[in-house]
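Spelled out, the chains give:
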Amino acid sequence: SRLRSLRDIIGIRLLPTGTGFGPNRNDREGALHRAWGLVFSNQIRGGYYEFGVYRGDTFRTSYKVCQGYDRWRQGQLTVEESWRNEVAKDYANFRHEFYAFDTFTGMPDNNEGNITFGPGTFSCSFEEFDKLNREEGIIEGDGIRYYQGYFEEVLRRETDSLEQLQTAAIINLDCDLYASAKDALAIVAPKLVQGSILLADDWNTFSADQNSGERKAVAEFLIEHPEISFE
């Protein structure tokens, strides 16, 4: 849209010279560059889980950033330094899968008391989400999976399917609400490995109240899982 284009132009002009669209950006894309950089540098084998995809802008950006790092990874196989070839060989054929979770009907009923997250806000149909992805060459199938419905229902309904998913390299928690974040964490709990990255897009929502939203969900999750720690 014209408004979004204007926003992007303003954002680019405000960036320091040389920042561009790389890891030094202090925004979602920059965070994704840094996260995928850590994953590829440490060869963390796992998928990308995003909870609360809305129109899929961040989902598609993450996919593209991952592709960029994959091209770098393949390039390591042909450089002159043999040690780089050896390091890359074992990881060269691993494919990071992508999983999107959303109701695709907007925010569920909740008592968070914030009109921004009222029932039905941030609504985008599954058909529109899929269409936007297809336009960018991202098609559901082998290595790309979409899960529609409340996260609690998905966990109960898709038990066998979820068990088959890759461990989690990156979890993007973008579901705003305490209940939604709590259910999302229940889905990824068995998928966490050493080095898994948790991006909490709405960490400072509700004035960074520790007893609200994603902060509350993560705090309770760590109490329930003392074997897990986030740094």
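Residues numbered from 1 in each chain as written. Predicted model: local features only at pLDDT ≥ 70, side-chain atom pairs only at ≥ 80, totals over all residues. Heavy atoms only, no water.

What follows covers unusual backbone geometry. Even without a glycine there, the phi angle at Q43 is positive, about 50°. Within the secondary structure, Q43 is located in the loop between α2 (28-42) and β1 (47-51). Even without glycine at this site, D176 takes up a positive phi of about 65°. (Helix = DSSP H or I, 4+ residues; strand = E, 2+ residues; numbered from the N terminus.)

A complete count under the given rule lists 22 aromatic pairs for this structure. The ring of Y91 carries R73 above its face, with NZ or CZ at 4.4 Å from the centroid. It is K216 that lies over the ring of Y178; its NZ or CZ is 4.4 Å from the centre. (Phe/Tyr/Trp six-rings, centres within 6.5 Å; stacked < 30°, edge-to-face > 60°. Lys NZ or Arg CZ within 6 Å of the ring centre and 35° of its normal.)

Ranked by size, the top nonpolar core spans 27 residues in total, and within it W36, V39, F59, F129, Y146 and I170 carry the most contacts. The set of elements that each furnish at least two residues to this core consists of α2, α3 (57-75), β2 (98-102), α5 (126-135), β3 (144-148), β4 (168-173) and β5 (192-200). With residues up to four places along the chain from it excluded, the contact list for F129 reads V53, Y54, R55, G56, F59, R60, A100, F104, C124 and Y146. Judged by nonpolar contacts, the second largest core, of 25 residues, contains L162, L173, Y178 and F221. (Core = buried A, V, L, I, M, F, W, Y, C linked by side-chain atoms within 4.5 Å. Buried < 20%, exposed > 50% of the residue type's maximum accessible area, 1.4 Å probe, protein only. Contact = heavy atoms within 4.5 Å.)

Moving on to the confidence of the model for the protein chain. For the protein chain, per-residue confidence averages 88 on the pLDDT scale, and 87% of positions sit at 70 or higher. Segment residues 1-7 is flagged for pLDDT under 50; beyond a separation of four residues in sequence, or across chains, it makes 2 contacts in the model. With pLDDT under 50 throughout, residues 9-19 is counted as low confidence; its partners more than four residues away or in other chains account for 5 contacts. (pLDDT = per-residue confidence, 0-100.)

Time to look at the pattern of salt bridges. What the rule picks out here adds up to 13 salt bridges. A salt bridge links K131 to E135; its shortest N-O distance comes to 2.8 Å. Of this pair, K131 and E135 both sit in helix α5, 4 residues apart, which is roughly one turn of that helix. Two residues, R157 and E158, come together in a salt bridge whose shortest N-O distance is 3.3 Å. Linked by salt bridges that have partners in common, K182, E220 and E224 make up one network. (Salt bridge = Lys/Arg side-chain N within 4 Å of Asp/Glu carboxyl O.)

What follows concerns the sheet that holds β1. Strand order in this open sheet of 5 strands is β3-β2-β1-β4-β5, and the pairing throughout is parallel. The outermost strands of the open sheet, each flanked by one partner alone, are β3 and β5. The average angle at which neighbouring strand axes cross in this sheet is 15°, direction not considered. Pairing between β1 and β4: 5 bridges, direction parallel. Note that in β4 the partner of F51 across the bridge is L173. Packed onto the sheet, α3 meets β1, β2, β3 and β4 and runs at close to 170° relative to β2. (Pairing = 2+ DSSP bridges. Axes fitted to C-alpha atoms, helices over the stretch in contact; angles between N-to-C directions.)

β1 sits mainly inside the fold: 5 of its 5 residues count as buried. Alternating positions in β1 separate into two faces, G47, Y49 and F51 on one and Y48 and E50 on the other, with burial throughout. Sheet topology note: the β1/β2 ladder contains 4 bridges and is parallel. Each residue of the ladder has a partner; that of E50, found in β2, is A100.

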